[in-house]
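Per-entry structural report
Next come the chains, spelled out residue by residue.
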Number of protein chains: 2
Amino acid sequence: MHILIVHCHPEPRSFNAALKDVASETLEGDGHRVEVSDLYAQNFDPVERPEHFASRADAAYFSALTEQRHHYRRDELATDVRREIERLERADLVILQFPLWWHGPPAMLKGWFDRVFVYGGLYSGQRRFDRGPLRGRRAICSVTTGAPGTTFSTWGRSGDITALMWPIHCSLYYVGFEVLAPQLTYGVQGGGLSYQVDAVFRRQLEADKQRWSGRLEGLANEAPIPFTGWQDWDDDGVLSQTHPLRWRV
Amino acid sequence: MHILIVHCHPEPRSFNAALKDVASETLEGDGHRVEVSDLYAQNFDPVERPEHFASRADAAYFSALTEQRHHYRRDELATDVRREIERLERADLVILQFPLWWHGPPAMLKGWFDRVFVYGGLYSGQRRFDRGPLRGRRAICSVTTGAPGTTFSTWGRSGDITALMWPIHCSLYYVGFEVLAPQLTYGVQGGGLSYQVDAVFRRQLEADKQRWSGRLEGLANEAPIPFTGWQDWDDDGVLSQTHPLRWRV
């Protein structure tokens, strides 16, 4: 397999960076090819804005979708966006490694979706969901949180983690990915500052690295999260009235 | 009331900008003071990174939370973050105006949370949720979508809009806000390109502006979305075993 790890954390010695490294080493050790897109190291610009589009379809009014499609077709997307799309197209499996900040991915990674998942290229009105251009590929989020896992349970005050992951899982499915259940590493405290903090950090890290590398070896055989698709929806994009899933609730 | 509108859209003549303007005019017309934080116009940097912190508590290891608290206490936060915090502290009501991009706020606005909601300032372990520093203030998201409203219904393929709004609503509540039900404007097409597109755009805009201004006038009397709070949770941050809400399902 060819694997792309999209890594999003500002500190090179962070827990996230260590999980990225263990994934890279484990997968390469298993004979796969691994490519890393380190968004902070690349100083990736996450803001979708007019300045990224050199030959505007409409110079008077900026519509991100209009310009994305126009520049994709002319092969004139910004260099960093083209590079990320090429990386996605090479990958059989994409791993997103990031900390949960404010109930979602850091702005840097959110903007990777905003800019790289271009209209007219990675999706269109007809080519999305289970007809998305990236279908047949798999994606998984490896996420760290500061708060402990109990608070992310169904009745926990941090919010059910399944609900918090839902938007990003929807986005991955939208372009065609099969989405695997996320790798969740709860209660991660920052490193640095003192020897004591670092000792706790390293002890937790060793356990979580083992858990992650153990799972990575069997990833190819995991069943993805089930989503409904074009066959399930009516003309309005809603689950058909008679669909069996409607009877589950 | 003093009202802060945080506006996030790259095109000054966009539907979002028009909704921002109608909110500003309606509320000023009703005698309120209105302040606008136009994130794109300010070229706000949404990326939380070491470069924003001039006098590091830990120069060897970057932890965003450590540096946020350290710089907040020393009153040495970056100028743009200090300005946004001052705006929040002046506001009785905060309106977030943005388009739904990839199942969430644009990176620019996601990073406004990442950078402005500083640890040690806008929250701490003891001061969050219904004990958050911004308690007593209200917040509302005014959101546009490209896809039609039917696809955002419970069984719709775009995902239930209540679920997609959940992460950002959680973040607003976390610092103490009372969160009002969002103002949802579905099926917004980009303007520009042609007279025909613009005609559809303007017709829809007029209807949605009226709907929004009509609601704004009664906003002070609306009941906020109910959240559980410190009184409801056990020591692990989970809804108590005997809590009446557990019997609702």
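Right above here is the structure, for reference.
Attention in this report is confined to the structure presented alongside it. (Residues numbered from 1 in each chain as written. Chains lettered and ligands numbered in written order. Predicted model: local features only at pLDDT ≥ 70, side-chain atom pairs only at ≥ 80, totals over all residues.)

Some thoughts on the environment of Ser153(A)
When you line up the elements, Ser153(A) lands in the loop between β4 (138-144) and α5 (161-174). When neighbours within four sequence positions are excluded, Ser153(A) is seen to be in contact with Asp160(A) and Val238(B). (Helix = DSSP H or I, 4+ residues; strand = E, 2+ residues; numbered from the N terminus. Contact = placed C-beta atoms within 7 Å.)

Comments concerning the relation of the copies chain A and chain B
Each copy superposes on the other: chain A lies on chain B with an RMSD of 0.0 Å after a rotation of 180° and an axial shift of 0.0 Å. These values place the two chain copies in the arrangement generated by a two-fold rotation axis. When each C-alpha of chain A is compared by its distance to the rotation axis, Ala107(A) comes out closest, at 2.4 Å. Interface overlap between copies is the fraction of interface residues in one copy that are interface residues in the other; for chain A against chain B it reaches 100%, indicating a shared surface. (Least-squares fit on C-alpha atoms with pLDDT ≥ 70 in both.)

Some details on the packing of α5(A) against helix α5 (residues 161-174) of chain B
Contact geometry for α5(A) and α5(B): axes closest at 9 Å, N-to-C directions at 110°. Classified by the interaxial angle, the pair formed by α5(A) and α5(B) is roughly perpendicular. Residue-level contacts link Ala163(A), Leu164(A), Trp166(A) and Pro167(A) of α5(A) to Ala163(B), Leu164(B), Trp166(B) and Pro167(B) of α5(B). The residue makeup of the contact of α5(A) with α5(B), split by class, is eight nonpolar, no polar and no charged. (Axes fitted to C-alpha atoms, helices over the stretch in contact; angles between N-to-C directions. Parallel < 35°, antiparallel > 145°, perpendicular 65-115°, else oblique. Nonpolar A, V, L, I, M, F, W, Y, C, P; charged D, E, K, R; others polar.)

Comments concerning unusual backbone geometry
The phi angle of most residues is negative, glycine excepted, and most peptide bonds adopt the trans form. Not every positive phi belongs to a glycine, and Asn43(A) is a case in point at roughly 55°. Position of Asn43(A) among the secondary structure elements: in the loop between β2 (33-38) and α2 (64-73). Using a count of 11 C-beta atoms within 10 Å as the deciding quantity, one classes Asn43(A) as exposed. Positioned with a positive phi, Trp102(B) is a non-glycine residue whose angle comes to about 50°. Mapped onto the fold, Trp102(B) is located in the loop between β3 (93-99) and α4 (107-116). Residue Trp102(B) is classed as buried on the basis of its 21 C-beta neighbours within 10 Å. (Buried ≥ 20, exposed ≤ 12 C-beta atoms within 10 Å, placed from the backbone.)

Quick look at the nonpolar core
A general trend in soluble globular proteins is that nonpolar side chains are found buried together. Grouped together as the largest cluster of nonpolar side chains are 118 residues, with contacts concentrated most on Val94(A), Met108(A), Val94(B) and Met108(B). Filtering out sequence-adjacent residues up to four positions away, Val94(A) remains in contact with Leu4(A), Val6(A), Leu88(A), Arg137(A) and Ala139(A). (Core = buried A, V, L, I, M, F, W, Y, C linked by C-beta atoms within 7 Å.)

Brief notes about α5(A)
Residues and elements named next belong to chain A. With 14 residues, α5 should cover 20 Å at 1.5 Å per step; its first-to-last C-alpha distance of 20 Å lies within 8% of that length. Where α5 bends most, the angle comes to about 40°, and this point is Pro-167. In terms of burial, α5 is largely enclosed, as eleven of its 14 residues are buried. Restricting attention to buried positions, one finds in α5 the residues Ile-161, Leu-164, Met-165, Pro-167, Ile-168, His-169, Cys-170, Ser-171, Leu-172, Tyr-173 and Tyr-174. (Expected span 1.5 Å × (residues − 1). Bend = angle between axes of the 7 residues up to and from the residue.)

Details of the interface of chain A and chain B
Taken together, the contact between chain A and chain B spans 54 residues of the former and 54 residues of the latter. Broken down by secondary-structure element, the contributors of at least two residues to the side of chain A that touches chain B are α2, α4 (107-116) and α5 of chain A. The class makeup of the residues in the side of chain A that touches chain B is 27 nonpolar, 17 polar and ten charged.

Quick look at the pairing of strand β2 (residues 33-38) of chain B
Residue and element names in this part refer to chain B. Where strand β1 (residues 2-7) meets β2, six bridges bridge the pair, whose relative direction is parallel. Across the sheet, His-2 pairs through a bridge with Arg-33, a residue of β2. Assessed by its sense of winding, the connection that carries the chain from β1 through helix α1 (residues 15-29) to β2 is right-handed. (Pairing = 2+ DSSP bridges. Right-handed = clockwise from strand over helix to strand, strands pointing away.)

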